[in-house]
Amino acid sequence: MAAELHPRSGKLIGLSNSNRTAQRNQSVQEFNHGLVLSREPLRDRDVFTVRIDKKVNSWSGSIEIGVTALDPAALDFPSSATGLKGGSWIVSGCSVLKDGRSVLEEYGRDLDQLGEGDRVGIQRNGRGELHLWVNGQDCGPAARGLPPRLWAVVDLYGKCTQVTVMSCEPPPDTDSEEREEDEEEGEEEAALAAPVAQMTEACREHAERSSTIVPPVVVHSAPAVINGSVDEVPEVTRGHSRPDKFPSNFESDTDEGGEDSGLGGARPGNSDSSRGCSGSSSASRGAMGGSDSGGGPGGGGSTNNSPSGSSGGVTGLGSGAVTTNDALLFHEKCGTLIKLSNNHKTAERRRPLDEFNNGVVMTNRPLRHNEMFEIRIDKLVDKWSGSIEIGVTTHNPNNLDYPATMTNLRSGTIMMSGCGILTNGKGTRREYCEFSLDELQEGDHIGLMRKVSGALHFYINGIDQGVAASQTPGVVYGVVDLYGMAVKVTIVHNHNHSDRLRRNNAIMRALSPDVGRPRPALSLTPDPETPDRLLFHQNCGQKAAIIGDGRTALRPHATDDFNHGVVLSNRPLHSNEVFQVRIDKMVDKWAGSIEIGVTTHNPAYLQLPSTMTNLRSGTWMMTGNGVMHNGTTILDEYGHNLDRLKAGDTVGVVRKDDGSLHFFVNGVPQGPAAWNVPPSIYAVVDLYGQAAQATIMDDMADLPPLPDDSSEGPTALSPGSPCSVTGTASVSDLRFHQLHGTNAVITNGGRTALRQNCRSEFNDAIVISNRCLREGELFEIVIQKMVDRWSGSIEAGVTAIRPEELEFPNTMTDIDYDTWMLSGTAIMQDGNTMRNNYGCDLDSLSTGSRIGMMRTATGDLHYYINGVDQGVACTGLPSDVYAVIDLYGQCVQVSITSSSGPLDNSLCTSNVTEKSFPIHSPVAGVAHRLHSKHGKNVVLLGDGCQAVRVGGYSHGIVFSAKELKTDELFEVKINEVDEQWSGSLHVGLTTLQPPDLPSCPLSGLSPSLTQLRSKVTWLLAGAEVRRNGMLQKQNYGCSLDRLTVGNRVGVKRCSDDTMHIFIDGEDMGPAATAVAKNVYAVLDLYGKVTAVSVVSSTLVEDSDSVKAPSLSSDSCSEGEEDTTPCENEPALVPMAMIFLENHGKNIQLSNQNLTAARVSSYNQGLLVTAQALPRQQLFQFQIDRLNPSWTSSLSLGVIGYSPDRLSFPSTACCLKRSVWLLQRDSVFHNSLKICENYGPNLDTCPEGTVLGLLVDASGGLHLFVNGMDQGTAAQDVPNPCYPIIDLYGQCEQVTIVTNHVPAVGAKGGEVRCQGDMEKADMVDGIKESVCWTPPPEVNPNKTCEYHALCSRFKDLLTLPDGYFNEDAKYNLCYCESCHKLRGDEAYYKRGEPPRDYALPFGWCRFGLRIKPHCEVPNAFKKWHIAYHGTSVGALRRTLDQSQLMTAEPASVFSASPLKAEGHGSYGEPEENSAPEWEVPCVQLSPTMRYSGLEAFAPKVQFRDPRSLRCHQAQVGFQVCVRPGSYKVGPQTLGVSEPLDPRFNNSEIEWITKEKGGTLLYGLLVRVE
């Protein structure tokens, strides 16, 4: 057949080269409508091959190819090939689709990765199979059972913009190969007859033995029966272990099938439903192993490790038939809210929107060995946190009293929850697998299997997640907890591998792009002497380069860019293989430095991020002195700070056999950083910030051996390293011992200890020094991390028990011999309190505090707090004692400091003062006082330390004399009560400033604290926590109504912005969150409490310390609106919106919480509004300040839940529950992109832009830019929802726009709109609906990279500045982002009579100055707008003469033009002006889609002086044309396809020869 394309094609396709070449027009603006088909149907064995000629980088996706039974002569072409139905098979990426539905994943080569020059072919062979050919290589069968009459299909989609048909002929040696295959097939069919007969007989014998009716075996059609359901399953040969991942198709390999089963290796049939006799053989093999032991020939029941197989029928069946009454079902006894259906195969939790637990279900019988228990998630709700949990239990469901959640069961239970494993309700594996059950979606599968060895495995969508527990009891039931989001599940009996694999690939492509894809050959040619040598992969970051035979990576322009420097190793690391690099070069311009780690992503397929910590899957990185996993910090203070390294220092990483990850700094191991790291990982180096160049160190001889235990490493550094030391161990050799409590983890080379699972475990975290303390030697640690979940804190002391002989208890005070501990203020010996009220209170220490212990030569034990000796704690200690630290309760992480010098900043989170830590009550200090401003019924006594209510039951409010400092406790004791009143003391914190109140008596102050609402107030009344009188929490702690004389009540604002209430010294836990920084303690002597006295003391602070900047936390009080309503204000007053005081850690609020600023870094800038956004109300804010030092900018959207207790991540894209986010020009829902090219690019919004959000009555989310609605961004937004803003990158400050403020750029009280800009916007005194020139105040040009590039090209033209308008408002960029930002329409009208013209999208306009002799009255109002394309060479002459010229370049040999007549001239020429020449015939057009064609505006190449990259540029003019001075005619270029949808090709060209009929208005530039 002819190798040509059919003349009918997609609407954007242009054919040339005798219909052999196809090009997609408008490739920068459109990504689809590029469908072409072969001219004739394909002949069998012919390969229809095309070559990719051209690709662009504007889009994702690329060429798609396939076949269709639809005749192109009558085809209604869809937008893409995947829209073809009626018998169409398309290969897209690495998937195969039939009629638009995926039938095969991970097939062949990924077409999206092909480049220009690659060849792709499609073939239907003689057996009706579809084959893909890539660069002459057959990728194997993609589909079977194809009809004979098919046309080839090629879709120029996405990046692919041009292809050429190369050939359509059979590949070489096809005929001989097919004859050989036919002969082999015949031999195989003959060999198959005897085994099939034997199998049939075996099935009949088994049926007779088991009294079960077995249908006769039918070759080529018998499916396997599993748990009573019929489905095709792959044949798993006996004796073979489960593969690492599923193959792309599930047909048995011929040789293996013959050897293992004796079936001769049957071939698949010609249809998809035919599998030879694989289904029959599977069933028959199970039948033959019919003994209980499963050891019969062909049984394989006990060796079947595939999750697809279920041995839930007769014991010993690998995947054989089972009786339905033995099927695995849910037990009839279940949780109180569970409803069973579908013959007890489906379980559903009732009232899912009201209840989140009581959804436990169990299996009806114990699980057998190697039996898969698998469920499918059918329904989820997006209301709760947490989701499904699954596991096993030894409890019989008949006898079990079902708990609310299965993790409440404290015996015989192993559950997978999230991504961890809980045994008997306690966490035993923190990160068991990459998948988290909380992130699975409807349709995902979860399974588990107890192996014969007792190992418990979990499976996610068919993928084995490894051993979760090694010693599982022999008799266990499967259990599912429909918790939180999980509502409905169904037991899966027919384990459909294709569906599970398809879902798994969809998830794994997001997590790890190389899953299931063939690994390409390395682009580097390795040294033949060292074939496995570690090098850098050639695929690296945008601003990185690989040199030195692949051993060195660098950022060539390190002083211009600080990121995009990611490089990966060329192959995966081996276990225990150290990857080490040396920093060769650094720059001192940026913050941050080198980062190193590992990733599961294959560099050949990875789209490299700007920084590796942005990657949200399969990645572990050491950055600074912390460790991040998938972009989230998992260790805050891990090891030496990488940001402090210099040129010549080395960093390394290694994965041990046990799956632990270790880092090295200058050869010193920093200890384990992560666990359960998968084996196939690539090394990663991020040349970030200061790091400019690094080289792989091949010689590993200098590295010390990796210690067997991760807690200790050698004290000597690698020879030659800048940090190396010599000699024996010094005083810095004190480390934590490798033996420690169960929940303790030792890192940082033994210098740091932390308690893992700190929010679920509070003890079992004892650590001990690695040697005895010497006489007079100080063992000092610094507290680095605390949590507010528990009571009690760190305990410290010494013990004479050797670590090897110590059986670590839950807490060290449980030891009853040879141990001395300080707990709180109590000195304890052998578990007994020997002394109370020691000089310090360990429970009162906070992050940054230092604790030291020293044994003197006389046997005395001294404690040191922040370097200050607290005195003798006890005496008579033996000579050999070890230091002991118990990471108990609130204390989570500590590090050993150096006793001979200041603390290394890389190991602490805050500066540490040398003053002793302040002592709280009851230790004497500077007593707190009460403020002189108070309620009218209060009298202060005792120098402000006592307060007495002298009348009534109310008006008893008192304040602390000063603002409370962070972690400062304000405490009072109740002195008197009057039982005639009900109610009691109220206590809390307030942002009200007592000094601002009028003098006493305060008759205007609220009678009770619950009514104090002029400023934000958090208080506890009884057992209820309130904020501004609104109930926030019930049943908090001990009710204040029960207190009496002698009880003490205190309040504290903690460093995590929470309010804690203390009763008799006991912390009741966090009562309120998001408490403002500057608050006063407030009490209300209400009801029966009539007198109190202050018993606490103030924090001792440095006299010359500087107070931190105040963060305003004032709430807008009612009636504080300072704007005046407009005349057209609706009757309903919109709700006033302010920012919530709970926000990202780098945010500072001001201006009554209307203004938010990011005060440091580029992230941690999340903020939300305090009020929910009502439907139909527009919430607007203005961008106040941008910082061009960063890239990217803000994002905004809404969240569907209350943010009061939200823990803010570093960026908004990390929020993954009920969040809709607008970022750049895309829309994201729960971090997944749902829409592209929506609205303007938010990264280009300049200062002064007003952005708004509105949710309409139907739940549609709208973005407003400078008051213009950009349309619906998302649907079904819940009510209520809260606006959220991420001050990221360039955007540093925003302010909420209160109602009825002037528009952007308006001065004074003048309200300007787009229509007020120019008189030219008026036509006959009637304003147009939308003006054609946007307001100059909304000018994004100063932040638009495209405008800057066009400006640099204009500067290269060296045109005099006098030609251009000095007012920058006439310079407009019409790139996609800028015109969307302004809200431009595509077409406007101008002139008398009005005539359409198109805006020059894709061009940049520079306003021209109109010369005085060219000014024509009302030209801009009454003339039409047109465009003229020209050459760069004609620009200067055109501007010199102020009139248009033909596009042909001038030549010195051209004839002199004739002198023109005076007709149509301007009138009298200027003095010294050039003579008047004949005006040439000038071609104009109302659209630049015509005037910008290369025939009119030739392209020129130039090198950008900034980026040094080559670009192509075109130029043209925007002109005003006098009506009647031109003729409208058809295009003259012979173009057939429509050029502009608004203008017909017959009216797209305007011709004028009239002098003075045009005025040059703007120079247009377009750069590619």
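Preceding this paragraph is the structure being described.
Residues numbered from 1 in each chain as written. Predicted model: local features only at pLDDT ≥ 70, side-chain atom pairs only at ≥ 80, totals over all residues. Heavy atoms only, no water.

As a further point, take a nonpolar patch on the surface. On the surface, a cluster of nonpolar side chains totalling about 240 Å² of accessible area is made up of V939, L941 and V950. With respect to the helices and strands, V939 occurs in strand β55 (residues 938-941). Residue V939 is classed as partly exposed on the basis of its relative accessible area, which comes to 34%. (Patch = residues over 30% accessible without salt bridge, like charges linked within 9 Å, V, L, I, M, F, W, Y side chains within 5 Å. Areas by Shrake-Rupley, 256 points an atom, 1.4 Å probe, with all protein chains shown as cover. Salt bridge = Lys/Arg side-chain N within 4 Å of Asp/Glu carboxyl O. Helix = DSSP H or I, 4+ residues; strand = E, 2+ residues; numbered from the N terminus. Buried < 20%, exposed > 50% of the residue type's maximum accessible area, 1.4 Å probe, protein only.)

Taken as a whole and judged by the stated rule, the model has 24 aromatic pairs. Note on Y838 and Y863: the rings are 5.9 Å apart at their centroids and 70° apart in plane angle, and the pair reads as edge-to-face. One end of the pair, Y838, is in the loop between β49 (832-835) and β50 (850-855); the other, Y863, is in strand β51 (residues 861-865), with 25 residues separating them in the sequence. Both residues of the pair, Y838 and Y863, count as buried. Judged by centre distance (5.8 Å) and plane angle (85°), the ring pair of Y1162 and Y1288 falls under edge-to-face. Of this pair, Y1162 sits in the loop between β69 (1155-1158) and β70 (1166-1168) while Y1288 is found in the loop between β79 (1282-1286) and β80 (1291-1296), placing the two residues 126 residues apart along the sequence. Judged by relative accessible area, Y1162 falls into the partly exposed class, the value being 22%. (Phe/Tyr/Trp six-rings, centres within 6.5 Å; stacked < 30°, edge-to-face > 60°.)

Right, let's talk about the side chain of T799 for a bit. Relative to the assigned elements, T799 resides in strand β46 (residues 795-799). Among the polar contacts made by the side chain of T799, one reaches the main-chain amide nitrogen of I801 at a distance of 3.2 Å. Excluding anything up to four places from it in sequence, T799 contacts I768, M812, D818, T819, D880, V881, Y882 and V884. (Polar contact = N/O pair within 3.5 Å; in protein donor to acceptor, adjacent residues only side chain to side chain. Contact = heavy atoms within 4.5 Å.)

Examined against the element boundaries, L989 turns out to sit in strand β59 (residues 986-990). Relative accessible area serves as the criterion here: at 0%, L989 is assigned to the buried category. In sequence terms L989 and H1060 are 71 residues apart; their C-alpha atoms lie 10.0 Å from each other.

Moving on, we get to the pattern of salt bridges. Within the structure shown, the criterion is met by 35 salt bridges. In this structure, R1027 engages E1141 in a salt bridge whose closest nitrogen and oxygen atoms are separated by 3.4 Å. Remark: E1141 occurs in the loop between β67 (1089-1094) and β68 (1147-1150) and R1027 occurs in strand β61 (residues 1024-1027); sequence separation between them is 114 residues. Residue class for E1141 comes out buried when judged on its relative accessible area of 8%. A salt bridge links R1542 to D1396, with the nearest nitrogen and oxygen atoms 3.2 Å apart. With R1542 in the loop between β91 (1527-1529) and β92 (1549-1552) and D1396 in strand β85 (residues 1395-1398), the pair connects residues that are 146 residues apart, well separated along the chain. Under the relative-accessibility criterion, R1542 is labelled partly exposed at 43%.

With that settled, consider the pairing of strand β12 (residues 151-155). Counting buried positions along β12 yields 5 of 5 residues, so the element is predominantly enclosed. Both faces of β12 are covered, namely the face carrying W151, V153 and D155 and the face carrying A152 and V154. Two strands pair when backbone bridges link them, and strand β3 (residues 35-37) and β12 are joined in this way by 3 bridges, in the antiparallel orientation. Across the sheet, V36 pairs through a bridge with V154, a residue of β12. Pairing geometry for strand β5 (residues 64-68) and β12, over 5 bridges, is antiparallel. (Pairing = 2+ DSSP bridges.)

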